[in-house]
Amino acid sequence: MAKEFRAEQVINGTFGEVWIDGEYLANVTALKAEVTLKKTAISMVQRLMEGQKMTGLEMKGEIKLHKINSFFIKKMNECFRRGKMMTCTIISNVKDPDALGGERIALYNCLFDKMTLADWEAGKMGEESYSFTFEDWEILDKI
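As the structure is a prediction and not an experimental result, all values here were calculated from the model.

Peer 1: What am I meant to see in the overall build of the protein here?
Peer 2: A count of helices and strands for the protein gives one helix and eight strands. Starting at the N terminus and ending at the C terminus, the protein contains elements arranged as β-β-β-β-α-β-β-β-β. Taken over C-alpha atoms, the radius of gyration comes to 19 Å for the protein, far larger than the 15 Å a tight globule of 143 residues would show. Reported as C-alpha extents along the three principal axes, the dimensions of the protein are approximately 60 × 45 × 30 Å. Buried residues in the protein amount to 23% of all 143 residues. Averaging the positions of the 20 positive and the 22 negative side-chain charges in the protein gives two centres separated by 5 Å.

Peer 1: I tried to follow a nonpolar patch on the surface on my own but got confused; where do I start?
Peer 2: Residues Val35, Leu37, Met54, Leu57, Trp137 and Ile139 make up a contiguous nonpolar surface patch of about 540 Å² in total accessible area. Of all elements in the fold, only strand 3 (28-42), strand 4 (51-66) and strand 8 (136-141) reach the threshold of two or more residues within the nonpolar patch. Structurally, Trp137 is set in strand 8.

Peer 1: I'm lost on the packing of aromatic side chains in this one. Help?
Peer 2: Here a ring pair, both rings aromatic, is described through the centre-centre distance and the interplanar angle of the planes. In this structure the tally under the stated criterion is seven aromatic pairs. Aromatic pair Trp19 and Tyr24: ring centres 5.4 Å apart, planes at 55 degrees, arrangement tilted. Judged by its relative accessible area of 24%, Trp19 is partly exposed. Accessibility expressed as a relative area gives 42% for Tyr24, which makes it partly exposed.

Peer 1: Even after reading the chapter, I still don't get the pairing of strand 6 (residues 103-112), so can you show me in this structure?
Peer 2: Along a regular strand, successive side chains alternate from one face of the sheet to the other. Of the strand pairs in this sheet, strand 5 (residues 87-94) and strand 6 are connected by seven bridges, and their pairing is antiparallel. The residue of strand 6 that forms the bridge with Val94 is Glu103. For strand 6 and strand 7 (residues 127-133), the ladder comprises two bridges, and the chain directions are antiparallel. Bridging from a neighbouring strand, Leu111 pairs with Thr133 of strand 7.

Peer 1: Looking at this structure, I do not really get the pattern of salt bridges. What am I missing?
Peer 2: Side chains that differ in sign of charge can pair as their charged atoms come close. For the structure on display, the rule yields seven salt bridges. Note that Arg6 is salt-bridged to Glu8, the shortest N-O span being 2.5 Å. One salt bridge in this structure joins Glu78 and Arg82, with 3.5 Å as the shortest N-O distance. A relative accessible area of 61% means that Arg82 is categorised as exposed.

Peer 1: Whenever I open this one, helix 1 (residues 71-81) confuses me. Can you help?
Peer 2: Among the residues making up helix 1, those that are buried are Phe71, Phe72 and Met76. Seen from one end, helix 1 has its buried residues packed into an arc of 80 degrees, which puts them on one side. Exposed residues on helix 1 whose side chains face more than 90 degrees from its buried face are Lys74 and Arg81. Packing partners of the buried residues in helix 1 comprise strand 1 (16-20), strand 2 (23-24), strand 4, strand 6 and strand 7. Backbone geometry just after helix 1 places Gly83 at a positive phi near 75 degrees.

Each value, and the rule that gives it
- Residues numbered from 1 in each chain as written.
- Predicted model: local features only at pLDDT ≥ 70, side-chain atom pairs only at ≥ 80, totals over all residues.
- Heavy atoms only, no water.
- Helix = DSSP H or I, 4+ residues; strand = E, 2+ residues; numbered from the N terminus.
- Rg over C-alpha atoms; globule rule 2.2 N^0.38 Å.
- Buried < 20%, exposed > 50% of the residue type's maximum accessible area, 1.4 Å probe, protein only.
- Lys, Arg positive; Asp, Glu negative; His and termini not counted.
- Charge placed at Lys NZ, Arg CZ, Asp CG, Glu CD.
- Patch = residues over 30% accessible without salt bridge, like charges linked within 9 Å, V, L, I, M, F, W, Y side chains within 5 Å.
- Areas by Shrake-Rupley, 256 points an atom, 1.4 Å probe, with all protein chains shown as cover.
- Salt bridge = Lys/Arg side-chain N within 4 Å of Asp/Glu carboxyl O.
- Phe/Tyr/Trp six-rings, centres within 6.5 Å; stacked < 30°, edge-to-face > 60°.
- Pairing = 2+ DSSP bridges.
- Arc of directions from axis to C-beta.
- Contact = heavy atoms within 4.5 Å.

All we've got here are geometric facts, nothing functional implied.
Have a look at this one:
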(Lines give C-alpha, C1' and ligand atoms only; values in the text may rest on other atoms or scores of the structure.)
Protein backbone atom coordinates (compact mmCIF):
# COMPACT_ATOMS: atom_id res chain seq x y z
CA MET A 1 0.00 0.00 0.00
CA ALA A 2 1.25 3.48 -0.87
CA LYS A 3 2.63 5.60 1.96
CA GLU A 4 1.19 8.74 0.42
CA PHE A 5 -1.70 9.71 -1.76
CA ARG A 6 -2.79 12.83 -3.60
CA ALA A 7 -5.92 14.69 -2.46
CA GLU A 8 -7.58 14.37 -5.87
CA GLN A 9 -7.49 10.56 -5.54
CA VAL A 10 -10.12 10.59 -2.77
CA ILE A 11 -13.44 9.32 -4.17
CA ASN A 12 -16.11 12.03 -4.43
CA GLY A 13 -19.64 10.71 -3.87
CA THR A 14 -20.98 13.24 -6.36
CA PHE A 15 -19.95 10.73 -9.02
CA GLY A 16 -22.05 7.93 -7.50
CA GLU A 17 -24.77 6.12 -9.43
CA VAL A 18 -27.49 3.61 -8.56
CA TRP A 19 -29.57 1.15 -10.58
CA ILE A 20 -32.48 -0.82 -9.12
CA ASP A 21 -33.42 -3.85 -11.21
CA GLY A 22 -31.62 -2.23 -14.14
CA GLU A 23 -33.43 1.13 -13.82
CA TYR A 24 -31.12 4.12 -13.36
CA LEU A 25 -32.03 6.49 -10.50
CA ALA A 26 -30.71 9.97 -11.29
CA ASN A 27 -32.27 11.42 -8.12
CA VAL A 28 -30.17 9.41 -5.63
CA THR A 29 -28.25 11.52 -3.10
CA ALA A 30 -26.68 8.75 -0.98
CA LEU A 31 -26.34 4.99 -0.74
CA LYS A 32 -24.86 2.97 2.10
CA ALA A 33 -24.56 -0.83 2.36
CA GLU A 34 -22.82 -2.58 5.24
CA VAL A 35 -21.98 -6.14 6.22
CA THR A 36 -21.69 -6.60 10.00
CA LEU A 37 -20.34 -9.68 11.74
CA LYS A 38 -22.61 -11.54 14.13
CA LYS A 39 -20.46 -12.93 16.93
CA THR A 40 -20.93 -15.21 19.90
CA ALA A 41 -18.79 -14.91 23.01
CA ILE A 42 -16.75 -18.03 23.74
CA SER A 43 -15.61 -18.75 27.30
CA MET A 44 -12.23 -20.41 27.68
CA VAL A 45 -10.54 -22.03 30.65
CA GLN A 46 -7.61 -20.20 32.26
CA ARG A 47 -8.67 -16.93 30.59
CA LEU A 48 -10.63 -14.04 32.01
CA MET A 49 -11.29 -12.64 28.54
CA GLU A 50 -13.81 -14.22 26.24
CA GLY A 51 -12.98 -15.05 22.68
CA GLN A 52 -15.33 -14.31 19.79
CA LYS A 53 -16.62 -16.64 17.08
CA MET A 54 -18.29 -15.39 13.95
CA THR A 55 -21.75 -16.96 13.71
CA GLY A 56 -23.27 -15.02 10.84
CA LEU A 57 -23.47 -11.85 8.83
CA GLU A 58 -26.01 -9.03 8.96
CA MET A 59 -26.42 -7.04 5.75
CA LYS A 60 -28.18 -3.67 5.85
CA GLY A 61 -28.30 -0.54 3.79
CA GLU A 62 -29.98 2.78 3.19
CA ILE A 63 -30.75 4.78 0.09
CA LYS A 64 -31.60 8.50 0.04
CA LEU A 65 -33.20 10.35 -2.86
CA HIS A 66 -34.70 13.62 -3.95
CA LYS A 67 -38.49 13.07 -4.19
CA ILE A 68 -39.26 13.58 -7.87
CA ASN A 69 -41.63 10.70 -8.66
CA SER A 70 -43.45 7.68 -7.22
CA PHE A 71 -40.77 5.11 -8.15
CA PHE A 72 -40.74 3.30 -4.81
CA ILE A 73 -44.50 3.44 -4.30
CA LYS A 74 -45.03 1.89 -7.74
CA LYS A 75 -42.35 -0.73 -7.10
CA MET A 76 -43.63 -1.82 -3.67
CA ASN A 77 -47.37 -1.13 -3.64
CA GLU A 78 -48.77 -4.25 -5.32
CA CYS A 79 -46.37 -6.62 -3.58
CA PHE A 80 -47.12 -5.18 -0.15
CA ARG A 81 -50.90 -5.18 -0.70
CA ARG A 82 -50.78 -8.85 -1.68
CA GLY A 83 -48.59 -9.78 1.27
CA LYS A 84 -45.59 -10.54 -0.94
CA MET A 85 -41.99 -9.61 -0.37
CA MET A 86 -40.64 -7.27 -3.03
CA THR A 87 -36.98 -8.05 -3.63
CA CYS A 88 -34.67 -6.34 -6.07
CA THR A 89 -31.05 -6.00 -7.13
CA ILE A 90 -29.22 -2.73 -6.45
CA ILE A 91 -26.07 -1.81 -8.34
CA SER A 92 -23.89 0.91 -6.83
CA ASN A 93 -21.19 2.60 -8.85
CA VAL A 94 -18.88 5.43 -7.83
CA LYS A 95 -16.34 6.47 -10.41
CA ASP A 96 -14.70 9.82 -9.79
CA PRO A 97 -12.76 10.79 -12.95
CA ASP A 98 -9.93 12.23 -10.82
CA ALA A 99 -9.56 9.12 -8.64
CA LEU A 100 -7.65 5.88 -9.22
CA GLY A 101 -10.65 4.05 -10.68
CA GLY A 102 -14.22 3.10 -9.88
CA GLU A 103 -15.93 0.79 -7.45
CA ARG A 104 -19.06 -1.09 -8.53
CA ILE A 105 -21.00 -3.33 -6.14
CA ALA A 106 -24.09 -5.49 -6.69
CA LEU A 107 -26.49 -6.10 -3.79
CA TYR A 108 -28.79 -9.07 -4.30
CA ASN A 109 -32.24 -9.91 -2.89
CA CYS A 110 -32.69 -6.46 -1.38
CA LEU A 111 -35.80 -6.14 0.76
CA PHE A 112 -37.03 -2.68 1.75
CA ASP A 113 -38.26 -2.31 5.32
CA LYS A 114 -41.07 0.16 4.60
CA MET A 115 -43.00 2.03 1.93
CA THR A 116 -43.46 5.76 2.49
CA LEU A 117 -46.84 6.94 1.17
CA ALA A 118 -46.57 10.59 2.19
CA ASP A 119 -43.81 12.65 3.81
CA TRP A 120 -43.67 16.34 3.05
CA GLU A 121 -43.32 19.68 4.81
CA ALA A 122 -44.06 23.23 3.59
CA GLY A 123 -40.93 25.06 2.50
CA LYS A 124 -38.84 21.89 2.44
CA MET A 125 -37.57 20.06 -0.63
CA GLY A 126 -38.98 16.56 -0.98
CA GLU A 127 -36.66 13.73 -0.06
CA GLU A 128 -37.01 10.02 0.59
CA SER A 129 -35.00 7.59 2.67
CA TYR A 130 -35.42 3.81 2.59
CA SER A 131 -33.59 1.27 4.70
CA PHE A 132 -33.18 -2.25 3.39
CA THR A 133 -31.59 -5.60 4.02
CA PHE A 134 -29.90 -7.78 1.43
CA GLU A 135 -28.89 -11.42 1.20
CA ASP A 136 -25.75 -11.34 -0.90
CA TRP A 137 -23.31 -9.04 -2.64
CA GLU A 138 -20.73 -9.11 -5.40
CA ILE A 139 -17.83 -6.77 -6.02
CA LEU A 140 -18.02 -6.11 -9.75
CA ASP A 141 -15.20 -3.52 -10.02
CA LYS A 142 -12.67 -2.45 -7.41
CA ILE A 143 -10.01 0.22 -7.21
